[in-house]
Amino acid sequence: MKGVRHYPGFMAVTVGCLVVLYAPLIVVMAYSFNGSNSITQWGGFSLHWYTQVFTGPEAPRFGQAARNSLTIAALASTTATLIATAAAIAMVQGAPFRGKGATFALINLPLMVPEIVTAVATLIFFSAIGLTTGYFTILIAHIAFCIPFAYLPIAARLEGIAPSYEAAARDLYATRWQAFRLVLLPLMMPGVAAGWLLAFIISLDDFIITNFVKGAGIETLPTAIFGAVKQGIKPNIMAISTLMLAVSILFVTLAWFINRKGHRTP
Amino acid sequence: MADTRRRTLLLLPTWAVIGVLMLIPVLLMAVYSFLTKEFRGGVEWQFSLAAYDQFFLTRGLFGDEPAAIEWTYINIFWRSIWQAALATLLCLMIGFPTAWFIATRPPSSRAIWLFLITVPYWVNLLIRTVSLKFLIRDNGPLNEFLIALNLIDNPLPLVNTNLAVQLGLFYSYLPFMVLPIYAAVERYDTALSEAAADLYASRWTTLREIILPVVKPGIVAGCILVFVPSLGAFLAPDLLGGAKTFMIGSLIDEQFRGSQGNWPFGAAVSMVLMTLVLIVLMFHARAQGSRR
Amino acid sequence: MKRLLIPALLCATPAFAEGELKVYHWFEYIPQELVDKFTAETGIAVTIDTYDSNESMLASLKAGKLGQYDVAVPADFMVGIMAADGMLDSFTPEEMTNLGNVAPQWLDVPFDAGRKHSIPYQWGTTSFSVNRDVYKGDIGSLGIIFNPPDELKGRINVLDSQNEVLVLGSLYLGIPQCSTDRAQLQALNDMLLVAKPHWASFGSDIAKDVLVSGDAAAGMIYNGFSAKARAEGANVEYAYPKEGHVVWMDNVVLLKDAPNRENAIRFMNFLLVPENAAAVTNYAAYTAGVTGVEPFLDDAIKNSPENNPPAGITPGVFAQACDEATQKLYDAVWTNLKK
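In this text the structure is predicted, and so the values were computed from the model without any measurement.

### Points about the overall build of chain C
- Broken down by element type, chain C carries 13 helices and 10 strands.
- The globule rule puts the C-alpha radius of gyration for 339 residues at 20 Å, and the 22 Å found for chain C is close to it.
- Viewed in the frame of its principal axes, chain C has a C-alpha envelope of about 80 × 45 × 35 Å.
- Residues classed as buried in chain C amount to 58% of the 339 residues present.
- Within chain C, counting contacts between residues at least 6 apart in sequence, those at least 24 apart form 76% of the total.
- Here chain C has roughly 13000 Å² of accessible surface; of this, 56% comes from carbon and sulfur atoms.
- Distance between charge centres in chain C, computed from 25 positive and 42 negative side chains, equals 4 Å.

### Notes on the overall build of chain B
- On a plain count of helices and strands, chain B comes out with 12 helices and 4 strands.
- Seen through its C-alpha atoms, chain B measures out along the principal axes to roughly 70 × 70 × 35 Å.
- Here chain B holds 292 residues, and the buried ones make up 56% of them.
- Measuring between centres, the 21 positive side-chain charges of chain B sit 9 Å from its 18 negative side-chain charges.

### Section: the side chain of Thr 14 of chain A
- Along the chain, the position of Thr 14 of chain A falls in helix 1 (residues 10-31).
- Given a relative accessible area of 0%, Thr 14 of chain A falls into the buried group.
- The residues contacting Thr 14 of chain A, other than those within four sequence positions of it, are Pro 97, Thr 98, Phe 101 and Trp 113 of chain B.

### A word on the state of the cysteines
- For the structure on display, the rule yields 1 disulfide over all chains.
- In this structure Cys 91 of chain B is not part of a disulfide, and its nearest cysteine sulfur, from Cys 17 of chain A, lies 8.8 Å away.
- Residue Cys 223 of chain B stays outside any disulfide, its sulfur separated by 8.9 Å from that of Cys 91 of chain B, the closest cysteine.

### Considering the packing of aromatic side chains
- According to the stated counting rule, one finds 35 aromatic pairs over all chains in the structure shown.
- Taking 5.1 Å as the distance between ring centres and 10° as the angle between the ring planes, the aromatic pair formed by Phe 33 of chain A and Phe 45 of chain A counts as stacked. With Phe 33 of chain A in the loop between helix 1 and helix 2 (48-55) and Phe 45 of chain A in the loop between helix 1 and helix 2, the pair connects residues that are 12 residues apart, well separated along the chain.
- The partly exposed category is assigned to Phe 33 of chain A, whose relative accessible area is 25%.
- Ring centres of Tyr 238 of chain C and Tyr 240 of chain C lie 5.2 Å apart, and the angle between their planes is 85°; this geometry places the pair in the edge-to-face category. Each member of the pair, Tyr 238 of chain C together with Tyr 240 of chain C, is buried.
- Put simply, the rings of Tyr 7 and Phe 10 of chain A together with Phe 96, Trp 100, Tyr 188 and Trp 204 of chain B pair up and form one aromatic cluster.
- The ring centre of Phe 202 of chain C lies 4.8 Å from the NZ or CZ of Lys 338 of chain C, which sits over that ring.

### Points about unusual backbone geometry
Residue and element names in this part refer to chain C.
- In this structure, Cys 178 takes a positive phi of about 50° despite not being glycine.
- Along the chain, Cys 178 falls in the loop between helix 6 (162-173) and helix 7 (182-195).
- If you check the backbone angles, Asp 257 has positive phi at about 60° while not being a glycine.
- Tracing the chain through its elements places Asp 257 in the loop between strand 9 (246-254) and helix 10 (261-271).

### Notes on helix 9 (residues 223-231) of chain C
- For helix 9 of chain C, the complete set of buried residues consists of Asn 223, Gly 224, Phe 225, Ser 226, Ala 227 and Ala 229 of chain C.
- In this fold, the buried residues of helix 9 of chain C make contact with strand 4 (118-131), helix 8 (207-213), strand 7 (218-222), strand 8 (236-239) and strand 9 of chain C.

### Re the pairing of strand 2 (residues 45-51) of chain C
- Across 7 bridges, strand 1 (residues 20-26) of chain C lies against strand 2 of chain C in parallel orientation. Across the sheet, Trp 26 of chain C pairs through a bridge with Tyr 51 of chain C, a residue of strand 2 of chain C.

### Let's talk about the interface of chain B and chain A
- The partner chain A presents 105 residues to the 99 residues of chain B that form the contact.
- Buried surface at the junction of chain B and chain A, summed over both partners, amounts to about 9500 Å²; 79% is from carbon and sulfur atoms.
- Among the residues chain B hides against chain A, the three largest losses belong to Trp 122, Arg 187 and Arg 203 of chain B. Together they make up 9% of the total.
- Our count for the chain B to chain A interface comes out at 2 salt bridges.
- Run the count over chain B and chain A and you get 7 residue pairs in polar contact (both at pLDDT 80 or more).

### Here we look at the packing of helix 6 (residues 135-159) of chain A against helix 8 (residues 176-205) of chain A
All names here are of chain A.
- Their axes nearest at 8 Å, the elements helix 6 and helix 8 cross at an angle of 145°. Where helix 6 crosses over helix 8, the handedness of that crossing is right-handed. Residues His 142, Phe 145, Cys 146, Phe 149, Ala 150, Pro 153, Ile 154, Arg 157 and Leu 158 of helix 6 touch helix 8, and the partners they reach there are Leu 184, Leu 187, Met 188, Pro 190, Gly 191, Val 192, Ala 194, Gly 195, Leu 198, Ala 199, Ile 202 and Ser 203.
- Partitioned by chemical class, the residues of the contact of helix 6 with helix 8 number 16 nonpolar, 4 polar and 1 charged.

### Regarding a nonpolar patch on the surface
Residues and elements named next belong to chain B.
- A contiguous nonpolar surface patch, about 580 Å² in accessible area, is contributed by Trp 78, Trp 82, Leu 86, Leu 89 and Met 93.
- Its place among the elements puts Trp 82 in helix 3 (residues 71-103).
- A residue is classified by how much of its surface remains accessible, and Trp 82, at 49% relative accessible area, is partly exposed.

### Some points on the side chain of Thr 220 of chain A
- Topologically, Thr 220 of chain A is positioned in the loop between helix 9 (208-213) and helix 10 (221-229).
- Ignoring any residue separated from it by four or fewer positions in sequence, one finds Thr 220 of chain A in contact with Ala 65, Ser 69, Ile 72, Ile 138, Asp 206 and Thr 210 of chain A.

### Overview of the environment of Tyr 171 of chain B
- The residue Tyr 171 of chain B is located in helix 7 (residues 162-186) in this model.
- Among residues more than four places away in sequence, those in contact with Tyr 171 of chain B are Val 20, Leu 21, Pro 24 and Leu 25 of chain A together with Tyr 121, Arg 128 and Leu 132 of chain B.
- A polar contact is formed between the side chain of Tyr 171 of chain B and the backbone oxygen of Leu 21 of chain A, at a distance of 2.6 Å.

### Describing the pattern of salt bridges
- Summed over all chains, the structure comprises 16 salt bridges over all chains.
- In this structure, Arg 132 of chain C engages Glu 237 of chain C in a salt bridge whose closest nitrogen and oxygen atoms are separated by 2.9 Å. In this pair, Arg 132 of chain C is assigned in the loop between strand 4 and helix 5 (143-146) and Glu 237 of chain C in strand 8, connecting sequence segments 105 residues apart.
- Accessibility expressed as a relative area gives 36% for Glu 237 of chain C, which makes it partly exposed.
- Between Asp 209 of chain C and Lys 208 of chain C there is a salt bridge whose closest N-O contact spans 3.5 Å. Per residue, the accessibility class of Asp 209 of chain C equals that of Lys 208 of chain C, and both read buried.
- Linked by salt bridges that have partners in common, Arg 157 of chain A together with Arg 110 and Glu 186 of chain B make up one network.

What counts and how
Residues numbered from 1 in each chain as written. Chains lettered and ligands numbered in written order. Predicted model: local features only at pLDDT ≥ 70, side-chain atom pairs only at ≥ 80, totals over all residues. Heavy atoms only, no water. Helix = DSSP H or I, 4+ residues; strand = E, 2+ residues; numbered from the N terminus. Rg over C-alpha atoms; globule rule 2.2 N^0.38 Å. Buried < 20%, exposed > 50% of the residue type's maximum accessible area, 1.4 Å probe, protein only. Contact = heavy atoms within 4.5 Å. Areas by Shrake-Rupley, 256 points an atom, 1.4 Å probe, with all protein chains shown as cover. Lys, Arg positive; Asp, Glu negative; His and termini not counted. Charge placed at Lys NZ, Arg CZ, Asp CG, Glu CD. Disulfide = S-S within 2.5 Å. Phe/Tyr/Trp six-rings, centres within 6.5 Å; stacked < 30°, edge-to-face > 60°. Lys NZ or Arg CZ within 6 Å of the ring centre and 35° of its normal. Pairing = 2+ DSSP bridges. Buried area = accessible area lost by both parts, 1.4 Å probe. Salt bridge = Lys/Arg side-chain N within 4 Å of Asp/Glu carboxyl O. Polar contact = N/O pair within 3.5 Å; in protein donor to acceptor, adjacent residues only side chain to side chain. Axes fitted to C-alpha atoms, helices over the stretch in contact; angles between N-to-C directions. Left-handed = near helix turned anticlockwise from the far one by under 90°. Nonpolar A, V, L, I, M, F, W, Y, C, P; charged D, E, K, R; others polar. Patch = residues over 30% accessible without salt bridge, like charges linked within 9 Å, V, L, I, M, F, W, Y side chains within 5 Å.

Right under this line is the structure:
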């Protein structure tokens, strides 16, 4: 039923968009099965890159790097989303307050500072205060720059929610916390989810800052891949990327099932 | 009073994390831009305006001609701003319909669409960009496809062009446009559209006059999230544009990781960049505040 | 409390030189089997951390990582820079027992006279390769890159590396490195600006891939990458131009404040054994700086034209590190080229 929300051509744009997004991935997937060492000349079908990923000499290092990337991304995005949600509520709701502009600038600071500058400055700062670089330093650096990415979608969403909902709940004798948990939070959820997703992606893909603030012996997937690329891009990297893709598709399916189970029509 | 205390409490984690991890290092960088460069990287703790001098003034190739305005870096900035703006526009043109479409799907499938948009980003950006390059190069699949369909006779020279860079930036930052707009559209009350339809407004008029103003915060958020990183990007410009010219990002990167090792200058360029963005953001904040 | 404190303190004491080695290295530049062999022979556990460029290694060490690593693997000019900055520790020939294995021509190098801080790891050359399917003429001159024939115009990739491009440019014009002569530098600047429109791209990591994919028909390239390009099917020929080419050498250096100095020296000694040096060579496809490796080399590497320059060619030169004032001039030329 084509209602007022239907716009002709929007579906085509969306599908076209997905095609453009996935086309290079198909290349990545195809070349992960390449028989030769090249990433531009096809040399026949072969699974040996996949076996190499799991059993080859570089396998433990890539595996550890992937684990680090995923855990750091999960922890950093969750923490950043929590912090950003609190900040969004304070910033968007209520009257303008002194220091609001400054706070807004502060929240967006990680976005504005070029990554390379943040990277070097952060490392110098860490060594100045004697903090040993390692997993923890990567994590806190990630939390910091994930905050604005989580904040903006949440704030955008929150701006569209009239304070009257919460006020109505309070009128009905809900406590502040109940009003938040049962009224505001569900309404904000899409923004929070969008913020979490953005933060997760940003953390997962980060290279420059991670490269500078990580400690000896620790790699994340981007730093491992970038380093490997210096010797020329080989299909084993394509294989790793395809595996990451498979993991995320698994994630999607899992999330869909969970969503189905706990879903209530609004 | 309780309001202020509550607000302070809510903002405390943000101030603590970003204050310590970003503000202090950034202030450190500001200080660095006024120091003397140490040969091959690092700084000497001695006040110097050499970095800003290098940015704004030129004294010829050998440094002994009379000072004149240095257009080189201003040109680099201008070029990067243009590129970022075009990339943002491209993301907006494609991202808005996409976000609208996803937000108007039945609730059960929305999450899937969202994940479909974000799943490609689980693959490392370098690899994706290299693969994009593979697709659009002269004897790559795209050109072969177009030639096979007789749409063109000769391969389109796409690699090492500005168009390729736009495509690369679009590819890097699309979800950052889609997700905020999606969040805003999802909240949009369809009743407004229905009311407009009752008053004989066409879809497109409704879009222009009603929908866009309502979802504007989402659009602005998306634009910021695409524009600012695009300004400092250098992966897509280098790989797809041929790296023949500096962008702001590659210029700064060269100062810290390249062989020139001029940290104060890198810091100075960063300071100029940040000042520009800060001005834009302050305008935005003020506009937001005044609307209330 | 006190009863727990002392055992706790003892446990907290870091395990010293006995079992560890911290290496700062390029990714995939040493075969894991060789590292395992070292561990098996000596019982020392090796951790390898990686960097992706000489400059980022220097930046990291300067910004605070010095003292965390025992050895690093910088290029020739970087060894000189690190030594001048006091970042290197030295060893004596008595400690480095296998120092005699180093090929005689690499014992006394401009960046480390008498080999006090470093040992050779791998060396190679930087020149250019041409796709013979596209251009069949004479490629014995750097003019192919700086003043290309029509078939190659717009199809050349140049390394995105200030050092290599400026040195090759200087060789082409016949001017010395680290020159302070204004006329010479102006000539270099002008020549590069005239040549640039004929170049398709700047790129170092993709130098091999662009030749294989056909994005470029000629390009500056390292000899090892050229061999790999040929192995992947590109019909490229590596050139030894008459004006000269660049020679580079990666070296293992002993870092200052190395936490496990003794183990570091054992590792460096281990790498000087011909069989082990050959293992690295077979993996990285460059050339070892150690004598006696021939029996252990793979045929493909032993016989590749990239590793066997024809007789009578102009010898290659190391890139020199210039002093600060001169470096500033070359920096200006590079910025001018890329702006």
